[in-house]
Amino acid sequence: MNDPTLANDAASQSAASETRWIGLDVGGANIKAADTAGWTSAEPFALWKHPERLADQLRQQLPAPTATTRYALTMTGELADCFADRPQGVRQIVDAVVEATQLKASAGVDPLWVYSLDGQWLRADEAKSSPDDVAAANWHATASYAARYLGDNETGLMIDIGSTTTDLIAIDSRGVPTSSRTDLDRLEHSELLYLGVGRTPLCGLTSSLPFRGRDIPVMAEFFATTDDCFLVLGRTAAMPEDCDSADGKPRTVEHSLNRIARMIALDHRSFTLDDAVAASEHIEAILKDRIATGIAKVASDASAWVIAGHGEWLLPKTVARQISLAQELGAERSRVGPAYALACLAEARFA
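About the criteria used
Within any chain, residue numbers begin from 1 and follow the written order of that chain's sequence. Under the rules for a predicted model, residues below a pLDDT of 70 receive no local features and side-chain atom pairs below 80 are neither given nor counted, while totals for whole chains, interfaces and linings still include all residues. Calculation of side-chain values draws on the structure's entire complement of heavy atoms; hydrogens and water are dropped beforehand. Only DSSP runs of H or I reaching four residues or more are called helices, and only runs of E reaching two or more are called strands; each is numbered from the N terminus. Radius of gyration: C-alpha atoms only; globule rule: 2.2 Å multiplied by the number of residues to the exponent 0.38. For the exposure calls, accessible area comes from a 1.4 Å probe over protein chains only, and a residue counts as buried if that area is under 20% of its type's maximum, exposed if over 50%, partly exposed in between. Every residue pair with non-hydrogen atoms within 4.5 Å of one another is taken to be in contact. Here the open area of atoms and residues is found with the Shrake-Rupley method and a 1.4 Å probe, where only the protein chains shown may cover a residue. In this tally Asp and Glu are treated as negative and Lys and Arg as positive; neither His nor the chain ends contributes. Positions of charges follow a simple convention, taking NZ of Lys, CZ of Arg, CG of Asp or CD of Glu. The pairing criterion is simple: DSSP has to find at least two bridges between the two strands. Between N-to-C directions, angles span 0 to 180 degrees; the directions come from axes that are lines fitted to C-alpha atoms, helices contributing only their stretch in contact. Stacked, tilted and edge-to-face pairs are distinguished by plane angle, under 30 degrees for stacked and over 60 for edge-to-face with tilted covering the rest, among Phe, Tyr and Trp rings (Trp via its six-membered ring) whose centres lie within 6.5 Å. In our convention, an over-ring charge means Lys NZ or Arg CZ found within 6 Å of a ring centre and within 35 degrees of that ring's normal.

Asker: Would you take a moment to explain the overall build of the protein chain for this structure?
Answerer: Each helix and strand counted, the protein chain has 13 helices and 13 strands in total. Relative to its length of 351 residues, the protein chain is compact, with a C-alpha radius of gyration of 22 Å against a globular reference of 20 Å. When the backbone C-alpha atoms are referred to their principal axes, the protein chain occupies close to 90 × 45 × 35 Å. Looking at the 351 residues of the protein chain, the share that counts as buried comes to 50%. Here the contacts in the protein chain between residues at least 6 apart in sequence split such that 61% fall between residues at least 24 apart. Roughly 16,300 Å² of accessible area belongs to the protein chain as shown, and the carbon and sulfur atoms make up 49% of that amount. Charge centroids of the protein chain, computed over 32 positive and 48 negative side chains, lie 3 Å from each other.

Given below as structure tokens:
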């Protein structure tokens, strides 16, 4: 005689094995998504300019949902100044995800779970009711995943250098021991450095730039970013079709040179590629120094680093064991690290 309990258990395990978890990281400037099978997506989206278009952007970016698709969500976009406060931002982002995926809870199955700062998972309504628990939690998800690479009793550091910020989070084989919960906490303890390899304005990093043996004060204007410096230095690839730059012109060495020149009241007529390289190397040195200083404050005794993001070249070689997620997972998964980490964490939690 067949046991209906065993049959139901078998059906539940089969459904779980067919579930596709998509991790979703909604930022203020980029939306990143990934599943555990190799699909990834990273698209620029200026949330602060067009919050009303978020659901449409998600519909375009995400694969069509099926009955077995589930979503794991984290966000930093709630900090965008288009929102009056974090609660409004969290509500609108969660509502946009629900609208875009068009999935509703049925038969006791919740299609959307939101990651919280204590490593727990909240349903959509719970997340909207507890916005401070889920706001800016993507760093914790990445660090929780990164802890998997450490051995027993090993102390480590998760380093994620992105286009806008750098995360420096102490980890161990049990997880994420930091007591920080908010970005204010992390800024205070150097766990969050507001600098990155893409969107950081040069005037936010330095008061002057070298120019032919002279030290020239920079203009406090949004003329150029770190992306321009790393294009000039060949650290990142030019993309002429991409106009997400300080002046809205293409991301090419030629235009980057002109943008950097404006920082000291010049233009391409009197500012050469050699001049741009000298200025860019100066900016690169500043970033390296600030990141190294932050590492020393957060985890000077770490025996291993787990490195994510796309600014790995800025790191010193002071730790013997460096685990690069770009090498472990591939460049695409590493680029969307928080989203991929979420998908893996959710798959393990809800299996």
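Asker: Where do I start with the sheet that holds strand β5 (residues 112–115) in this structure?
Answerer: Pairing between the strands of a sheet comes from backbone hydrogen bonds, and it takes one of two forms, parallel or antiparallel. Taken together, six strands build an open sheet; the order of strands is β3-β2-β1-β4-β5-β6 and the sheet is mixed. Edge positions in the open sheet fall to β3 (40–44) and β6 (121–123), since each of these has one partner strand only. On average, adjacent strands in this sheet sit at an angle of 25 degrees to one another, irrespective of strand direction. Relative to strand β2 (residues 30–35), strand β1 (residues 20–26) runs antiparallel, the two sharing five bridges. Counterpart to Ile22 in the pairing with β2 is Asp35.

Asker: How do you make sense of the packing of aromatic side chains when you look at a structure like this?
Answerer: Any pair of aromatic rings gets described here by the distance separating the centres and the angle formed by the planes. Considering all chains together, one arrives at eight aromatic pairs under this definition. Here the aromatic rings of Trp21 and Phe350 are separated by 5.3 Å at their centres, their planes lie at 20 degrees, and the arrangement is stacked. Here the residue Trp21 occupies a position in strand β1, and Phe350 occupies one in the segment after α13 (337–349), the gap between them amounting to 329 residues. Ring geometry for Trp121 against Phe350: centres 5.9 Å apart, planes inclined by 65 degrees, an arrangement best described as edge-to-face. On the criterion of sequence distance, the pair formed by Trp121 in strand β6 and Phe350 in the segment after α13 is long-range, its members being 229 residues apart. Its relative accessible area of 11% is what places Trp121 among the buried residues. A relative accessible area of 23% places Phe350 in the partly exposed class. One aromatic cluster is present, built from ring pairs that chain together Trp21, Trp113, Tyr115, Trp121 and Phe350. Seen from the ring of Phe350, Arg349 lies directly overhead, with NZ or CZ sitting 4.8 Å from the centre.

Asker: For this particular structure, what's the right way to read the sheet that holds strand β8 (residues 166–172)?
Answerer: Strand order in the open sheet formed by five strands is β9-β8-β7-β12-β13, and the pairing between neighbours is mixed. Of all the strands in the sheet, just β9 (192–193) and β13 (321–324) have a single pairing partner and so form its edges. Summarising the sheet, strand β7 (residues 155–161) and strand β12 (residues 304–309) pair through six bridges and their orientation is parallel. Residue Gly156 lies in a different strand from β12, and its bridge partner there is Ala304.

Function cannot be inferred from these measures alone, as they are strictly geometric.
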